[in-house]
Amino acid sequence: MRSELERHDPQIFELIRQEEARQTGSIRLIPSENYVSAAVMAATGSCLTNKYSEGYPGKRYYEGQQITDVIETVARDRAVTLFSADHANVQPYSGSVANLAAYNALIQPGDTIMGLALNSGGHLTHGSKHSITSRFFKSVSYTVNPKTGRIDYDEVETLAKKFRPRLIISGTTAYSRKIDFERFEQIAKSVEAYHMSDIAHIAGLVAAGLHQSPVPHADIICTTTHKTLRGQRGGLILCSAEHAAKVDKAIIPGQQGGPHMHTIAAIAVALGEAATDRFVSYAAQILRNANSLAEKLMEHGFDLVSGGTDTHLMLIDLRDRGIPGKRLAKALDRARIVANFNTVPGDSASPLNPNGLRLGTPAVTTRGMKEPEMDLIAGWIHTISENLDREHVIERVAREVTELCSMFPVPGYFVA
Ligand SMILES: *Cc1c(COP(=O)(O)O)cnc(C)c1O
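Predicted model only: the values in this text are computed from it and were never measured. (Residues numbered from 1 in each chain as written. Predicted model: local features only at pLDDT ≥ 70, side-chain atom pairs only at ≥ 80, totals over all residues. Heavy atoms only, no water.)

1. Remarks on the domain arrangement of the protein chain
And step 1. We note that the domain assignment places domain 1 (42-274) and domain 2 (280-406) within the protein chain.
And step 2. For domain 1 versus domain 2, the distance between C-alpha centres works out to 28 Å.
And step 3. Contact with domain 2 buries area across many residues of domain 1, yet Ser176, Arg177 and Arg230 alone supply 28% of it, more than any other trio.
And step 4. Across the contact surface, domain 1 and domain 2 share 1 salt bridge.
And step 5. Among the salt bridges present, the one from arginine 177 reaches aspartate 310, with a minimum N-O distance of 3.3 Å.
And step 6. Summed over the shared surface of domain 1 and domain 2, the result is 12 residue pairs in polar contact (both at pLDDT 80 or more).
And step 7. Its residues assigned to classes, the side of domain 1 that touches domain 2 shows 8 nonpolar, 8 polar and 4 charged. (Domains from an automatic or database assignment. Buried area = accessible area lost by both parts, 1.4 Å probe. Salt bridge = Lys/Arg side-chain N within 4 Å of Asp/Glu carboxyl O. Polar contact = N/O pair within 3.5 Å; in protein donor to acceptor, adjacent residues only side chain to side chain. Nonpolar A, V, L, I, M, F, W, Y, C, P; charged D, E, K, R; others polar.)

2. Observations regarding the packing of helix H5 (residues 95-106) against helix H10 (residues 241-251)
And step 1. The geometry of H5 relative to H10 is characterised by a closest axis approach of 8 Å and an angle of 125° between their N-to-C directions. Of the possible angle classes, the one that applies to H5 and H10 is oblique. Crossing of H5 over H10 shows right-handed handedness. Residue-level inspection shows Ala101, Asn104, Ala105 and Leu106 of H5 in contact with H10, the latter providing His243, Lys246, Val247, Ala250 and Ile251.
And step 2. Classifying every residue of the contact of H5 with H10 by side-chain character gives 6 nonpolar, 2 polar and 1 charged. (Axes fitted to C-alpha atoms, helices over the stretch in contact; angles between N-to-C directions. Helix = DSSP H or I, 4+ residues; strand = E, 2+ residues; numbered from the N terminus. Parallel < 35°, antiparallel > 145°, perpendicular 65-115°, else oblique. Left-handed = near helix turned anticlockwise from the far one by under 90°. Contact = heavy atoms within 4.5 Å.)

3. Details of unusual backbone geometry
And step 1. Put simply, isoleucine 252 and proline 253 share a cis peptide bond, and its omega is 15°.
And step 2. Of note, proline 253 is situated in the loop between H10 and helix H11 (261-274).
And step 3. Non-glycine residue serine 84 carries a positive phi angle of around 50°.
And step 4. Mapping serine 84 onto the fold places it in the loop between helix H4 (66-83) and strand E4 (87-89).
And step 5. Here serine 84 falls in the exposed class, since its relative accessible area comes to 60%.
And step 6. Of note, the phi angle at arginine 336 is positive, near 65°, even though the residue is not glycine. (Buried < 20%, exposed > 50% of the residue type's maximum accessible area, 1.4 Å probe, protein only.)

Next up, the structure:
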């Protein structure tokens, strides 16, 4: 593969090689990113990308599905077993598309949806004013309590009673605490709303049994496959038997064409990996690392939203330091520590220049880093935050980061 690409398209080969060097030589703290295994990578780069398979196993619109039918069935069965759901659809192209399909399956245009506000840690597709979801649906948002940084379930209930949404969304993209899916179920039932749960970030923790599962408590559960679940980039929908036909129809013919079979095969591989004891240990280490990183950052005086974490991620509130999140994120990037700037609850600044920094441990944990490395990383973040314009300090940290990275290889395979 290497020589083919190198010979055929040296420009793209060289760019991929550079990206590979960037990925292996930097510390990846973006909580939505991970590194897939060589096995997942191999399935992704396979001949399955050449096949059209519109429809579902046994009911396709194209011939030649002898093998793809089996692959999709294996992927579905593995998802159903791993999450103890009645039904799985492995075709969504991504997490965003999975969410649209869930709405498409359950509600009508003009209905009201209620999700966590974007600046409280919700996702764009949960009814943000910038998203198509607020053009097709009326959108009401709940927020986290600005003092505690946590979801206030009583407030969610009050809002639900007031606005009577058709569908309530649980699940977050920048929230560091566990979510009480059972409580969301009770609130949704009390106003006769559907409960849709979006576990894009925490699917790996749920699969490992380290976070309450929404499966018995939600009508439809959507997730990405590439965050803590550590699979190929894609989407997955789980639901009860009652909603199975509606979900499948919402995906195709509702909104997608041919499924990406190479992705589905790679997701099947990742689901197989996620069912192992090794994955459970991995997920437990993600949590230990996040907790350790959070503790060390607080020892360095950083203010964490909600005072810590019980998931894979944390949010630093930089307002007390007067450092814009983007400035810190850019300086960290020069030191080869890659994170993302983020709004914090109650942030009055623009999402393009907010006062927070979001960090997570799934990727560094995949590389085998543990608590001692979290200690080093917290120290470097502290150093950079106090030396935002001192390039010689940033360069020194970058050298130390590179050295640490060389001791923790990335498991996937690469072109060079
Ligand atoms: C990442 C994320 C998504 C979107 O997934 P994409 O694959 O990027 O489309 C949806 N919901 C939540 C909660 C997310 O964190």
